[in-house]
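# Secondary and tertiary structure notes
So the chains spell out like this:
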Amino acid sequence: MEQPLEQQDLDLIWHPCSQMKDYETLPPMVIDHAHGCWLYDTHGKAYLDIVSSWWANLLGHTNPVLNARIKAQLDKLEHVIFANFTHEPAITLARRLKALVPPGLSKFQFHDNGSAAVEAALKLCFQYHQQTGHPERQKFLCLTEGYHGETIGALSVGSMDLFALKYKPMLMETVHVEAPDCYRCPYGQHRETCSCPCFAKAEEAFARYGKEAAAMIVEPLLQGSAGMRVYPPLYLKKLRALCDARGVLLIADEIATGFGRTGTLFACEQAGITPDVLCLSKGLTGGYLPMSLTVTTRKIYDAFYDDYGTHKAFLHSHTYAGNPLGCAAALGVLDVLEQQQILPRARETARWLTKEMEARFAGHPHVGEIRHIGLIHALELVADKKTKQPFPAAKRVGYQLYKKALERGLVLRPLGDVLYFNPPLNITREELGQAMGILEAILSD
Ligand SMILES: *Cc1c(COP(=O)(O)O)cnc(C)c1O
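Residues numbered from 1 in each chain as written. Predicted model: local features only at pLDDT ≥ 70, side-chain atom pairs only at ≥ 80, totals over all residues. Heavy atoms only, no water.

### Focus on the overall build of the protein
Within the protein one finds 15 helices and 15 strands. In the protein, which comprises 445 residues, the share counted as buried stands at 54%. Partitioning the contacts of the protein with sequence separation of at least 6, the portion at a separation of at least 24 is 71%. A total of about 20800 Å² of accessible surface is found on the protein, and carbon and sulfur atoms cover 55% of it. With 45 positive and 48 negative side-chain charges, the protein shows a spacing of 5 Å between the two charge centroids. (Helix = DSSP H or I, 4+ residues; strand = E, 2+ residues; numbered from the N terminus. Buried < 20%, exposed > 50% of the residue type's maximum accessible area, 1.4 Å probe, protein only. Contact = heavy atoms within 4.5 Å. Areas by Shrake-Rupley, 256 points an atom, 1.4 Å probe, with all protein chains shown as cover. Lys, Arg positive; Asp, Glu negative; His and termini not counted. Charge placed at Lys NZ, Arg CZ, Asp CG, Glu CD.)

Here it is as structure tokens:
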């Protein structure tokens, strides 16, 4: 007799971002199939995937349009080397995205995951300055609490000690600018009305390092892994102007915020800015397949364009660059977004959700803040609402609630003590109502 799948899993598999010992008390859920916002395990139990399977699933699981596109592509061309070769799905995808990304972004590099897109962005900016007369520009600036992925370069520009501290000796030195913290604003301002006095921290950093800086990288409007920290578009506007004034490139990591998560197709739109480099992944393929893009301007492209012997080319590649199945999924995403009016509908759902969340949770003695952007809604739990004092980390309040929610069929994967919804954009009010009901139940426990 074969062992149950749970046991075989524990014998064989080392799961991402997990203390495997935790699995002794909470073994992995073995998912058999999924549809829309719902996952079904091998025992027939249903779970509402309110976190979009790590923020990637954009339009529901086994979406009929996306499934059909990938199946059709599969019988035509599954993959082909992307140096010297190309194919129609990649070309069409780039052409269509060019009309949708912030104006001025026109050159598309294909990679195979978010971290890889960030690595390429960093190398690109570094090399750009080498080839345009500023070899002294080698430093990268980033925000504290930022997250840009797990590879060495991406970790270096992230500043979450939880992920990066152990590896410090391996990482490159970067300049960390204190990020906006609107819930615990040191200036006593409010997100909706403020003039970003916290931007002085960025000005100080640029005054000191501006001449040696290659680029600054940010997650526009929403620091996701930091606990769904939302900050105002004005901050981004100011940052764009500051980068321009100091000759520093701006990298927007929209891997989490892209494709409608913040209410607009891209978060940068809300600030009316165009970054020099844009990183996309996750929702790009609807959360189906690992693919990412590093999108840049003609100006940067031209700095690499020359005779081979000048050694200016960007010699960077990933085996699965331009994977046609990923492109087919991404084209399907663009069609569904457009044809089913997903964004306007999600914006309406979001307005309704904000009211519901506030009515149900704002009065709770441990809900410090309800913050939201697009359909993303987060509750920060605190020990003391007045002082905003967090719970002791050792209590793992978020993790305890995660387990309780799972029992009730809700996949809530908190960031510390921040509980959040980041659902597929086509989730229904009924489903959100179910999720809020479970949240109410576990919070009153
Ligand atoms: C998820 C994420 C990444 C990393 O993407 P992977 O595909 O997991 O490597 C980078 N930046 C942001 C903002 C992300 O949310």
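This is not the end of the story, as more comes after the structure.
### Section: the packing of helix H3 (residues 64–74) against helix H12 (residues 324–339)
Taken N-terminus to C-terminus, the directions of H3 and H12 make an angle of 150°; their axes are 8 Å apart at the nearest point. Every pair of crossing elements has a handedness; the one defined by H3 and H12 is right-handed. On H12, the residues touching Val 65, Leu 66, Arg 69, Ile 70, Gln 73 and Leu 74 of H3 are Pro 324, Leu 325, Ala 328, Ala 329, Leu 331, Gly 332, Val 333, Asp 335 and Val 336. When the residues that make up the contact of H3 with H12 are grouped by side-chain class, the tally is 11 nonpolar, 2 polar and 2 charged. (Axes fitted to C-alpha atoms, helices over the stretch in contact; angles between N-to-C directions. Left-handed = near helix turned anticlockwise from the far one by under 90°. Nonpolar A, V, L, I, M, F, W, Y, C, P; charged D, E, K, R; others polar.)

### Some details on the site of the ligand
The immediate surroundings of the ligand are formed by Trp 55, Asn 113, Gly 114, Ser 115, Tyr 147, His 148, Gly 149, Glu 219, Asp 253, Ile 255, Ala 256 and Lys 282. Within the side chain of Asn 113, an N or O atom sits 3.4 Å from an oxygen atom of the ligand. Note that a nitrogen atom of the ligand is positioned 2.7 Å from one of the side-chain N or O atoms of Asp 253. Burial of the ligand by the protein chains amounts to 83% of its free accessible area of 390 Å². (Near = heavy atom within 4 Å. Polar contact = N/O pair within 3.5 Å; in protein donor to acceptor, adjacent residues only side chain to side chain.)

### Thoughts on the environment of Ala 383
Note that Ala 383 resides in the loop between strand E14 (376–381) and helix H14 (397–407). Here Ala 383 falls in the partly exposed class, since its relative accessible area comes to 30%. The spacing of Ala 383 and His 366 is 17 residues in sequence and 6.1 Å in space, taken between C-alpha atoms. Residue contacts for Ala 383: discarding those within four places in its chain leaves His 366, Gln 389, Pro 390 and Phe 391.

Functional significance is not addressed by these values, which are geometric in nature.
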